[in-house]
Amino acid sequence: MTSPITIVTGTSSGIGLEIAVQAAAAGHTVVATMRDTAKAGPLRDAASALGVSVDIRTLDVTDPASIDACFSSVLADHGRIDALVNNAGAGHVGTIENESVDDVRRVMEVNFFGVVAASKAAMPHLRESRGRLVTVTSVGGAVGQPFSEAYCAAKFAVEGFMQSLAPVAETVGVKVSVVEPGAVASEFVPNIGLSSADMVAQAGPYAPALGAYLARSGSSFANAQSSTDAAAAIVAVLTADAPPLRAQTSDGARAFVGASLADTDGSAVLGLTRTWVAVQP
Ligand SMILES: NC(=O)c1ccc[n+]([C@@H]2O[C@H](COP(=O)([O-])OP(=O)(O)OC[C@H]3O[C@@H](n4cnc5c(N)ncnc54)[C@H](OP(=O)(O)O)[C@@H]3O)[C@@H](O)[C@H]2O)c1
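Scoring rules and cut-offs
- Residues numbered from 1 in each chain as written.
- Predicted model: local features only at pLDDT ≥ 70, side-chain atom pairs only at ≥ 80, totals over all residues.
- Heavy atoms only, no water.
- Helix = DSSP H or I, 4+ residues; strand = E, 2+ residues; numbered from the N terminus.
- Rg over C-alpha atoms; globule rule 2.2 N^0.38 Å.
- Buried < 20%, exposed > 50% of the residue type's maximum accessible area, 1.4 Å probe, protein only.
- Contact = heavy atoms within 4.5 Å.
- Areas by Shrake-Rupley, 256 points an atom, 1.4 Å probe, with all protein chains shown as cover.
- Salt bridge = Lys/Arg side-chain N within 4 Å of Asp/Glu carboxyl O.

1. Considerations on the overall build of the chain
Logical step 1: Broken down by element type, the chain carries 10 helices and nine strands.
Logical step 2: What you see for the chain is a C-alpha radius of gyration of 19 Å, in line with the 19 Å of a compact globule of 281 residues.
Logical step 3: When each of the 281 residues of the chain is scored for burial, the buried share is 47%.
Logical step 4: Taking contacts inside the chain between residues at least 6 apart in sequence as the whole, the part at least 24 apart equals 72%.
Logical step 5: For the chain, the exposed surface amounts to about 12900 Å²; the carbon and sulfur share of it is 55%.

2. Thoughts on the environment of A26
Logical step 1: Mapped onto the secondary structure, A26 falls in the loop between α1 (14–25) and β2 (29–34).
Logical step 2: Between the C-alpha atom of A26 and that of T239, which follows or precedes it by 213 residues, the distance is 8.0 Å.
Logical step 3: Apart from the residues lying within four places of it in its own chain, the contact partners of A26 are V235 and T239.

3. A short note on unusual backbone geometry
Logical step 1: Located in the positive-phi region is R130, a residue other than glycine, with phi close to 50°.
Logical step 2: At F147, a residue that is not glycine, the phi angle is positive and equals roughly 60°.
Logical step 3: Locating F147 in the fold gives a position in the loop between β5 (132–136) and α5 (149–170).
Logical step 4: Looking at F147, the relative accessible area reads 8%, which means it is buried.

4. Section: the pattern of salt bridges
Logical step 1: For the coordinates displayed, the defined rule picks out eight salt bridges.
Logical step 2: Across the pair R57 and D77 runs a salt bridge whose closest N-O atoms are separated by 2.9 Å. Linking R57 in strand β3 (residues 55–58) with D77 in helix α3 (residues 64–78), this pair joins segments that are 20 residues apart in sequence.
Logical step 3: The class of R57 is buried, set by a relative accessible area of 14%.
Logical step 4: Note on D77: relative accessible area 53%, which makes it exposed.
Logical step 5: Among the ionic contacts, a cluster of salt bridges with common partners joins D55, R57 and D77.

Quick look at the structure:
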């Protein structure tokens, strides 16, 4: 078969950048997309360090016109689309009493509707190529985590969407997968855009719990998986002969998600996450 034409979203940094170069190294023709191609320097450097090339194009997952323009140009230049990797996403820390419904909607726009819109644009072409739809979700798509209501809601929504779509897409030859990273070293935390001190200062009655959560979260990110390793697990799903519906990027992520999936009354997860917001005496 000729080199598969694979579109990856959110490749300016982190996991998406690594997926782009590793998929190219695995023999895919990678269309590496980002909101602002002025941020393509790190991707170009990583591609040249690996001795691969990637086709860099503009795509903002919250802008339907940008998705249409990108997909049309890919079809015009490459003639087909064999895979879409929905990687673009953005973190968010907050709790509902302190934020507006519009704040929650914005988190859903990027992390859920962005995936829906790009997947809808890809489906007719994936059906034609009998291709693959791979989406980077999170352990937060299986385990609700403190101060992550909007983000986890979006990732749970993606997981439900893809689990529902999988058997339907399979009838027309399209394989659907979700891949769940745990903490990964990337621009994810800096891109949230607020310091821990600012977040706590704005948290009102939730300040002690948020302080405890951020301290715990800081130590978990200190042991984060590298973007390179997380991307390797995602590219393994992208290139597998028989990709699973659900995979994790590390053993730790697998154990965490597994515990939640087996926790039919929610007590195990709540027993754990409760400790993350407990203020130490
Ligand atoms: N890092 C973690 O601990 C972790 C854990 C679980 C899951 N994940 C998931 O992994 C994926 C990649 O995140 P990352 O860790 O690599 O973080 P990252 O370094 O912040 O990368 C996120 C990427 O998404 C892009 N993006 C944001 N909004 C976008 C939009 N509207 N349209 C197109 N691209 C957009 C960002 O582009 P800009 O440069 O333009 O902002 C960036 O390229 C996300 O889906 C995230 O939820 C991450």
